[in-house]
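Architecture at a glance
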Amino acid sequence: MWNQTIQFRTLALTLVIFAVGCTSGDPDEAKDASALRADAHSYANFNDVRVKHISLDLEVDFDKKVLTGSATLDIDNIHNVNLLVLDVRKLSIHGIIDDDGDTAAFALGEESAVFGSPLNITIQPETKSVTVYYTTSPDADALQWLDPIQTLGKEYPFLFSQSQAILARTWVPCQDGPGVKFTYNATIKTDPSLIALMSAENGTTKNTDGVYTFKMEQPISSYLLALTVGDLSFASTGRNSGVYAEPAMLEKAVWELNAMQSMIDSAETLYGPYAWGRYDVVVLPPSFPFGGMENPRLTFATPTIIAGDRSLVALIAHELAHSWSGNLVTNETWNDFWLNEGFTVYFEQRIMEKIFGKPYENMLTKLGMGDLERTLEELESEGKEADTHLYLNLDGRDPDDGLTDVAYEKGRFFLQTVETIVGRERFDVFLKKYFTKNKFKTMDTERFIDYLNTHLMSTEEQKQLNANAWIYGPGLPDNAPTPNSTELDRVETAIAKFNNNRIQADDINTEGYTTHHWLYFLRGLKDLNLQKMKDLDASFQFTETGNCEISCDWFKHCIDQDYIPAFPAMKAFLVNVGRRKFLTPLYTRLAETDKNKKWANAVYQDARPRYHSVAYNTIDNILK
Ligand code: BES
Ligand code: ZN
């Protein structure tokens, strides 16, 4: 990979010089077919030959826990080369043919645990497509195969994929870097008792033959390839939106997500037309390792947002916002990840403000700043200062390492700082144009800053912003905003009194507290002891809350204070919920003492087989 990377760098540079030398160059236009930046996380030779379309024909085998069939890749042989390099990991390749039906020679390169291997396929300059016949491994990292017991209905098995960041290669041989965009279609065969859904045009009911066909006509990056198969029903939530969930969850989910259609409408008012036709959400079983995943046309979501009070729907605003920031204008490499997530958190914030009002949005933003401050402190204390820059250097590392609040929250506050400097009106005009001009293209950090300086900010404003400090510097620059929330100020006053023992849990006035008040409350508690834990639990029933966000924050204190009455509930939580954001802090705290570590290991024995690879790979590291 190293050699290749260097080679690509040289090539990319040559092409850039070439491009600059011979075109007048509209600075508005992002790159399309021209050279992409080298991608340290992909073996693919996408600057020589580029995949334009993928046609999947796969059968779902729940007994063997494999997908088997073929992927046909249509290619644009930009430099008439004789080699197509794809990314694969743990795939068994049965054979490859080209568009003439001739066998294509292939060889797998050396395997890396994180990146997999290059699949080197011999092609001719005139080759238009190759078809790869393959079977996935039962432990393909993208795929989680659930036994019926892990579903709500307990009757049918379930399958879902999670391709971001570099796991698509474990179920589809492809050029697995975010820079490469292609259209796709698919035929998926499964048991007729189940429905298959993809990040594409979907049906709403089961077929009698179990054969489902899909079409994604807009170009997407490989990390947005997605598949789920299970006992799922559909209900509409508006003009172009709806929800898929297990039958027993559907009604609750529809109630919880009733704001979906207005979120879409608000988002369109802000930054231009929704480019993907429908926007649906599938509520997955609780082992889904993330809160949400912005698979185009079909967001994958954790059931932990179905809290019964609509308090966690910002997550849907977030995944929806990715339909612009990320899915339309995509980070060119994982080092530019903040372009996906920072923009999305900013956009999410704007949608939430529009629908739920400024006081609600202020709470979310202040909580976000708290998260960021804790993350920055942690990264700094671990000596990972470079990971607090917006522009990351993840070369040679798992791009998963870049998945911290820095990309999300520092990214958001950077954009909020731009907004403050130029004013909301100008910023909105700029953003709308940015999404329109760059749709279906990729963007990297440097080009974005150029774009910002050319199209939005005066020299004076650029000075005031000091983008370099944000992008290439550590922590939070001096001009970072200080979020304010009168709602949370009220909580702050109460916690201060409770922390100083000037008030009993019982006497705290929590009237009107919502999930976000409670989260702020829990995060602000200090100098706890067992008696205070008991009082808090007796007054507010934290151990028994059905809200996973609250559970997670409460359980952190339970571990720190050794509050044993909560441990059975915590065990049930750890075994049932596979969302990594909750698991990581709990297991990390548990691993701090021998006694708790022993307990955690015993729980993990039961829990690990129920987690997705994304979760168990992280927890393996914590408990090892
Ligand atoms: N795209 C991310 C999830 C992701 C990022 C998966 C990188 C793998 C690698 C998704 O949009 C996301 O950010 N999800 C968050 C929720 C959001 C409200 C912050 C999550 O899962 O917690
Ligand atoms: Zn996101």
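Residues numbered from 1 in each chain as written. Chains lettered and ligands numbered in written order. Predicted model: local features only at pLDDT ≥ 70, side-chain atom pairs only at ≥ 80, totals over all residues. Heavy atoms only, no water.

1. A word on the environment of Leu-519
Along the chain, the position of Leu-519 falls in helix H13 (residues 515–524). A residue is classified by how much of its surface remains accessible, and Leu-519, at 4% relative accessible area, is buried. Every residue in contact with Leu-519, bar those within four places of it in the chain, is listed here: Leu-367, Glu-549, Ile-550 and Asp-553. (Helix = DSSP H or I, 4+ residues; strand = E, 2+ residues; numbered from the N terminus. Buried < 20%, exposed > 50% of the residue type's maximum accessible area, 1.4 Å probe, protein only. Contact = heavy atoms within 4.5 Å.)

2. Overview of the coordination of the zinc ion (ligand 2)
Protein ligation of the zinc ion (ligand 2) involves His-318 (NE2), His-322 (NE2), Glu-341 (OE) and Glu-341 (OE), the donor distances falling in the range 2.0 to 2.8 Å. Seen from the zinc ion (ligand 2), its 6 donor atoms lie at angles of 52 to 159°, and the figure they make is irregular. Counting gaps between the donor residues of the zinc ion (ligand 2) yields the pattern H-x3-H-x18-E. With His-322 in the loop between helix H4 (314–321) and strand S19 (329–331) and Glu-341 in helix H5 (residues 337–356), this pair connects stretches of sequence that are 19 residues apart. The exposure class assigned to His-322 is buried, which follows from its relative accessible area of 0%. (Donors = N, O, S within 2.8 Å, 3.2 Å for Na, K, Ca; no water. Tetrahedral: all angles 85-135°; square planar, octahedral: opposite > 155°, others 65-115°.)

3. Points about the nonpolar core
Counting 155 residues, the largest nonpolar core has Ile-54, Ile-121, Tyr-184, Met-198, Phe-414, Phe-448 and Leu-452 as its most contacted members. Ignoring any residue separated from it by four or fewer positions in sequence, one finds Phe-414 in contact with Trp-338, Leu-390, Phe-448, Ile-449, Leu-452, Leu-465, Ala-467, Trp-470 and Ile-471. Core analysis: the second largest hydrophobic core is formed by 52 residues, Leu-367, Leu-574, Ala-600 and Ile-622 among them. (Core = buried A, V, L, I, M, F, W, Y, C linked by side-chain atoms within 4.5 Å.)

4. Remarks on helix H12 (residues 486–499)
Residues three or four positions apart in an α-helix share a direction because the helix packs 3.6 residues into each turn. End to end, H12 covers 20 Å across 14 residues, agreeing with the expected 20 Å (1.5 Å per residue, within 8%). Of the positions making up H12, those classed as buried are Leu-488, Val-491, Ala-494, Ile-495, Phe-498 and Asn-499. Axial view of H12: buried residues confined to an arc of 130°, hence all on one face. Buried residues in H12 make contact with helix H6 (358–381), H13 and helix H14 (530–540). Positive backbone phi, at 60°, marks Asn-501, one or two positions downstream of H12. (Expected span 1.5 Å × (residues − 1). Arc of directions from axis to C-beta.)

5. Observations regarding the site of ligand 1
Lining the immediate environment of ligand 1, one finds 16 residues, of which Gln-164, Gly-291, Glu-294, Glu-319 and Tyr-408 sit closest. Between His-318 and ligand 1, the recorded distance is 3.1 Å, taken from a side-chain N or O atom to an oxygen atom. Contact with the protein chains covers 88% of the free accessible surface of ligand 1, which is 520 Å². Only strand S17 (292–293), H4 and H5 provide two or more residues apiece to the shell around ligand 1. Looking at which element gives the most residues to the shell around ligand 1, the answer is H4, with 3 residues. Grouping the constituent residues of the shell around ligand 1 by class yields 6 nonpolar, 6 polar and 4 charged. (Near = heavy atom within 4 Å. Polar contact = N/O pair within 3.5 Å; in protein donor to acceptor, adjacent residues only side chain to side chain. Areas by Shrake-Rupley, 256 points an atom, 1.4 Å probe, with all protein chains shown as cover. Nonpolar A, V, L, I, M, F, W, Y, C, P; charged D, E, K, R; others polar.)

6. Some details on the pattern of salt bridges
Applying the stated criterion across every chain, the model contains 38 salt bridges. For the salt bridge of Arg-397 with Asp-387, the shortest nitrogen-to-oxygen distance reads 2.8 Å. With Arg-397 in the loop between H6 and helix H7 (405–422) and Asp-387 in the loop between H6 and H7, the pair connects residues that are 10 residues apart, well separated along the chain. Ionic pairing is found between Glu-487 and Arg-490, a salt bridge with its closest N-O pair at 4.0 Å. Taken as a pair, Glu-487 and Arg-490 lie in helix H12 at a separation of 3 residues, close to a single helical turn. Residue Glu-487 is classed as partly exposed on the basis of its relative accessible area, which comes to 28%. (Salt bridge = Lys/Arg side-chain N within 4 Å of Asp/Glu carboxyl O.)

7. Topic: helix H19 (residues 613–623)
Counting buried positions along H19 gives 8 out of 11 residues, so the element sits mostly inside the fold. Listing the buried residues of H19 in full gives Ser-613, Val-614, Ala-615, Tyr-616, Thr-618, Ile-619, Ile-622 and Leu-623. Considering only its buried residues, H19 is in contact with helix H17 (580–590) and helix H18 (594–607).

8. Quick look at the pairing of strand S18 (residues 298–301)
Here S18 shows two buried faces, one formed by Leu-298 and Phe-300 and the other by Thr-299 and Ala-301. Relative to S18, strand S16 (residues 279–283) is paired through 4 bridges, and the arrangement is parallel. For Val-282, the partnering residue across the bridge sits in S18 and is Phe-300. In terms of strand pairing, S17 meets S18 through 2 bridges, oriented antiparallel. Directly across from Met-293, in S18, lies its bridge partner Phe-300. Where S17 hands over to S18, the hairpin turn is made up of 4 residues, of which Arg-297 adopts a positive phi near 70°. (Pairing = 2+ DSSP bridges.)

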